[in-house]
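Residues per chain, in single letters:
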Amino acid sequence: MPVMSILPDLDAFDRAILAILQKDNSTPQRIIGETVNLSAPAVQRRIKRMEEMGVIRANVALVDPAKVGHPITIFVEVEVESERAELIDAAKRGFAAVPEVQQCYYVTGEADFILVVTVATMADYEALTRRLFFENNNVRRFRTFVAMDRVKVGLEVPVAAPHST
């Protein structure tokens, strides 16, 4: 029985379309088509297929946190007491449910989670730490790193075809 590929089958046209959409998702399909040498309906079909395959997960606006009252970005390392599956799952659900947590990663190394948090003030962050960490019996410790400057922020993924070895 053949082994199924984990990666979706994306050709050069799909990858070129993804590169354009990651820079500006509002680019008209006609312009995308002209850029990649496809018709607008062909671009539309490819985009729909990539959405159905989960390659394109969402169509969203990137908002500047400072311009909506959340100028402080904080990175938090969280170490838990127990790594039992149900407690890790509970931590994942808990962190994911908090609006101030922009990103949450379950990681290897000394920390168990890395969080990216945006808040309006340090007082807001202190209140958040009380709810998320001090009141959680499974949090052993956490370390906070306050960003001094947002040098590069983005979610753009390289879409060039992976090289075979």
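Placed above this text is the structure.
This is a predicted model, so every value here is computed, not measured. (Residues numbered from 1 in each chain as written. Predicted model: local features only at pLDDT ≥ 70, side-chain atom pairs only at ≥ 80, totals over all residues. Heavy atoms only, no water.)

A few points about the packing of helix α2 (residues 29-36) against helix α3 (residues 40-52)
Link 1 in the chain: Running from N to C, α2 and α3 cross one another at 100 degrees; their axes reach a closest spacing of 8 Å. One way to sum up the angle between α2 and α3 is to call them roughly perpendicular. Taken together, the residues of α3 that come into contact with α2 (itself represented by Gln29, Arg30, Ile32 and Gly33) are Ala40, Val43, Gln44 and Ile47.
Link 2 in the chain: Residues belonging to the contact of α2 with α3 are distributed by class as follows: four nonpolar, three polar and one charged. (Axes fitted to C-alpha atoms, helices over the stretch in contact; angles between N-to-C directions. Helix = DSSP H or I, 4+ residues; strand = E, 2+ residues; numbered from the N terminus. Parallel < 35°, antiparallel > 145°, perpendicular 65-115°, else oblique. Contact = heavy atoms within 4.5 Å. Nonpolar A, V, L, I, M, F, W, Y, C, P; charged D, E, K, R; others polar.)

Observations regarding the packing of helix α1 (residues 12-23) against α3
Link 1 in the chain: The contact between α1 and α3 brings their axes to 10 Å, and the two run at 85 degrees. When the axis of α1 is compared with that of α3, the two are roughly perpendicular. Counting all contacts with α1, which are made through Phe13, Asp14, Ile17, Leu18 and Leu21, the residues of α3 involved are Val43, Arg46, Ile47, Arg49 and Met50.
Link 2 in the chain: Here the residues of the contact of α1 with α3 sort into seven nonpolar, no polar and three charged.

A word on the nonpolar core
Link 1 in the chain: One finds Leu115, Val117 and Phe133 to be the most contacted residues of the largest nonpolar core, which totals 19 residues.
Link 2 in the chain: Among the elements of the structure, β1 (72-80), α4 (85-96), β3 (113-119) and α5 (122-134) are those that each provide at least two residues to this core.
Link 3 in the chain: When residues of this core are assigned to their parent elements, the largest contribution, five residues, is made by β1.
Link 4 in the chain: For Leu115, the contacting residues outside a window of four places in its chain are Ile74, Phe75, Val76, Val78, Phe95, Val101, Gln103, Cys104 and Phe133. (Core = buried A, V, L, I, M, F, W, Y, C linked by side-chain atoms within 4.5 Å. Buried < 20%, exposed > 50% of the residue type's maximum accessible area, 1.4 Å probe, protein only.)

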